[in-house]
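Spelled out, the chains give:
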Amino acid sequence: WPVLAQAQALAPIRILVGAPAGGTTDTMARTLANEMGKALGRSVVVENRPGAGGNIAAEAVARAAPDGQTLLMSFTSHAINASLYPSLPFDPERDFTPLTMVSTSPAILVAHPSVPAGSLKELIAQAKARPGRFNFAIGALGSSVHLAGEAFKMQAGVYIVNIPYRGTAPAVQDVLAGQVDMMFANVGNVQAHLKAGKLKALGVTSPRRLAALPEVPAIAEVLPGYESSAWFGLFGPGRMAPELSRRLSDAARSAIASPEARRRIESEGAAPVGNAPQEFAAFVHAEIGRWAQVVKYSGAKPE
């Protein structure tokens with residue numbers, strides 16, 4: 001910190017977000033910015049730079065000076081994009097300094113009440129008996145929820161038709177209307193519809209059942225080893241000084257542990273994490289390899 005010029009020290013730290021304002025990634029960044037600012041005694045601001053599955057914001061941070069002034073709030077696409085895009089203008093590992101994972105957010109497989117399958121086992125049996133009978137609404141091609149569906153199809157050995165949409169909201173609306181059979185969605189996006197009985201839940205993508213929805217089985221209970229959770233994490237540019245990255249990571253982790261941040265994170269249907277940088281780095285490395293297999297199987301292409 002002392003190495004920063006005085007003018008720089010007074011300038012706000014920017015957290016770039018590769019997603020529009022109002023979404024979960026944006027909420028995670030704003031929650032963190034507020035609490036990190038208190039921990040650092042600095043102003044921390046959020047800047048939205050949506051587009052290209054998060055790559056526009058990521059490239060800006062990869063090219064930024066490693067002085068702690070420009071950070072990235074990224075999400076699962078950071079690992080997915082490594083294989084989804086034929087060429088990226090940055091290396092998702094080498095050009096970033098992982099600081100901490102902020103939270104994880106499992107998805108849930110929901111269906112319109114008219115879908116005849118009352119359980120995952122029934123759904124798989126019916127889909128095997130008539131390939132192409134069912135369809136999935138896809139909120140965004142190449143997203144974590146799209147690939148949660150591809151991983152499900154790959155492990156279950158079924159063919160379900162994808163119906164792509166430009167965004168989660170129109171996809172949810174068409175499942176609610178019965179225009180499309182089912183979809184994988186973040187829990188926060190469909191919880192109210194489940195409570196109202198407008199959708200039925202078939203399974204969650206976390207390794208175990210969720211405390212908030214104890215009656216909904218984990219997909220892993222039927223397909224052992226299945227797991228597909230979205231995650232949100234804080235990165236700096238590559239080549240950051242160890243002392244600086246440690247200070248920023250500590251501030252972020254203390255922010256995540258604060259009661260206010262935990263409350264906001266959990267209200268989004270997510271679970272706070274706040275792990276050590278080396279643990280987060282190892283996780284990102286493993287995720288890149290894991291999603292590469294799913295992307296290859298699905299034949300997914302960026303929008």
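Everything quoted here is computed from the prediction, not taken from an experiment.

**Concerning unusual backbone geometry**
You will see that A52, though not glycine, has its phi angle at about 55°, which is positive. The backbone of R239 shows a phi angle near 70°, a positive value even though the residue is not glycine. Among the secondary structure elements, R239 is positioned in the loop between β9 (229-237) and α9 (242-257).

**Here we look at the packing of aromatic side chains**
Within this structure, the stated rule accounts for seven aromatic pairs. Of note, R290 hangs over the ring of W291, and the distance from its end group to the ring centre comes to 4.6 Å.

**Considering the pairing of strand β7 (residues 182-186)**
With five of five residues buried, β7 is to be regarded as a mostly interior element. Neither face of β7 is exposed, since M182, F184 and N186 on one face and M183 and A185 on the opposite face are all buried. In this sheet, β7 lies alongside strand β4 (residues 96-111) in antiparallel orientation, the contact comprising five bridges. Bridge pairing links V110 to M183 in β7.

**A word on the confidence of the model for the protein**
Chain-level statistics for the protein give a pLDDT mean of 92 and a share of 97% at 70 or above. Mean pLDDT across the elements of the protein ranges from a minimum in helix α1 (residues 6-10), with 56, to a maximum in helix α5 (residues 120-129), with 98.

Scoring rules and cut-offs
- Residues numbered from 1 in each chain as written.
- Predicted model: local features only at pLDDT ≥ 70, side-chain atom pairs only at ≥ 80, totals over all residues.
- Heavy atoms only, no water.
- Helix = DSSP H or I, 4+ residues; strand = E, 2+ residues; numbered from the N terminus.
- Phe/Tyr/Trp six-rings, centres within 6.5 Å; stacked < 30°, edge-to-face > 60°.
- Lys NZ or Arg CZ within 6 Å of the ring centre and 35° of its normal.
- Buried < 20%, exposed > 50% of the residue type's maximum accessible area, 1.4 Å probe, protein only.
- Pairing = 2+ DSSP bridges.
- pLDDT = per-residue confidence, 0-100.

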